[in-house]
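# Remarks on the overall topology
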Amino acid sequence: NIIANNYVGTNASGTAAVPNGTNEYQNHHGVQIQNSNTTTVNRNVLSGNIGAGIKLQDQNNAVTITGNMIGTSPDGLNPIGNRAVGVWAVNSQNII
C-alpha cells in the first residue's frame, strides 16, 4: 500500500484547513493504518484534520512514514494544525 502526494485536511492548494469531520472521537484522521502488512506514507500534506495527521493502530508490521508535511502548509512555513497529534501510534511497534 502506498499513500503518496495527497493533501488531506486542507484545501487544494494546502493553504487552509478543510477539516474532514466534526469530532476527533469519530476517527477523522488524515491517514489511519490498521493491521496492514506493508504501507508507505510519503510526500503528503496532512494538516487541518479533526483527528491526528496519521494514526497507526495495532500496527506491528513495516510502515514507512517519510517526507510528509504534518500540521503545516506544503512549504512548511505556515501552521495548519491537526486538532489531535501529528502522529498517533496505538499498540504499534514501528520506527518513525
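Further up the page is the structure itself.
The text that follows walks through the structure, step by step, so that each part is easy to find. Please read all numbers here as calculations on a predicted model, not as lab measurements.

A few words now on the nonpolar core. Ranked by size, the top nonpolar core spans eight residues in total: Val31, Ile33, Val41, Leu46, Ile54, Leu56, Val63 and Ile65. Put simply, the parts of the chain that give this core at least two residues each are β3 (31-34), β6 (54-57) and β7 (62-66). Setting aside residues up to four positions removed in sequence, isoleucine 65 forms contacts with Val41, Ile54, Leu56 and Ile96.

A few words on the side chain of threonine 10. Relative to the helices and strands, threonine 10 is located in the loop between β2 (7-8) and β3. Among the residues examined, threonine 10 registers a relative accessible area of 10% and is labelled buried. Those residues in contact with threonine 10 that sit more than four places away from it in its chain are Ala16, Ala17, Val18, Val45, Ser47 and Ile80.

Turning our attention to the sheet that holds β6. On the basis of which strands lie adjacent, the open sheet formed by three strands has the order β3-β6-β9 and parallel pairing. Of all strands in the sheet, those with a lone pairing partner are β3 and β9 (87-90), marking the two edges. On average, adjacent strands in this sheet sit at an angle of 10° to one another, irrespective of strand direction. Here four bridges tie β3 to β6, and the two strands are oriented parallel to one another. Note on β6: the bridge partner recorded for valine 31 is isoleucine 54.

Reading the values: the criteria
Residues numbered from 1 in each chain as written. Predicted model: local features only at pLDDT ≥ 70, side-chain atom pairs only at ≥ 80, totals over all residues. Heavy atoms only, no water. Core = buried A, V, L, I, M, F, W, Y, C linked by side-chain atoms within 4.5 Å. Buried < 20%, exposed > 50% of the residue type's maximum accessible area, 1.4 Å probe, protein only. Helix = DSSP H or I, 4+ residues; strand = E, 2+ residues; numbered from the N terminus. Contact = heavy atoms within 4.5 Å. Pairing = 2+ DSSP bridges. Axes fitted to C-alpha atoms, helices over the stretch in contact; angles between N-to-C directions.

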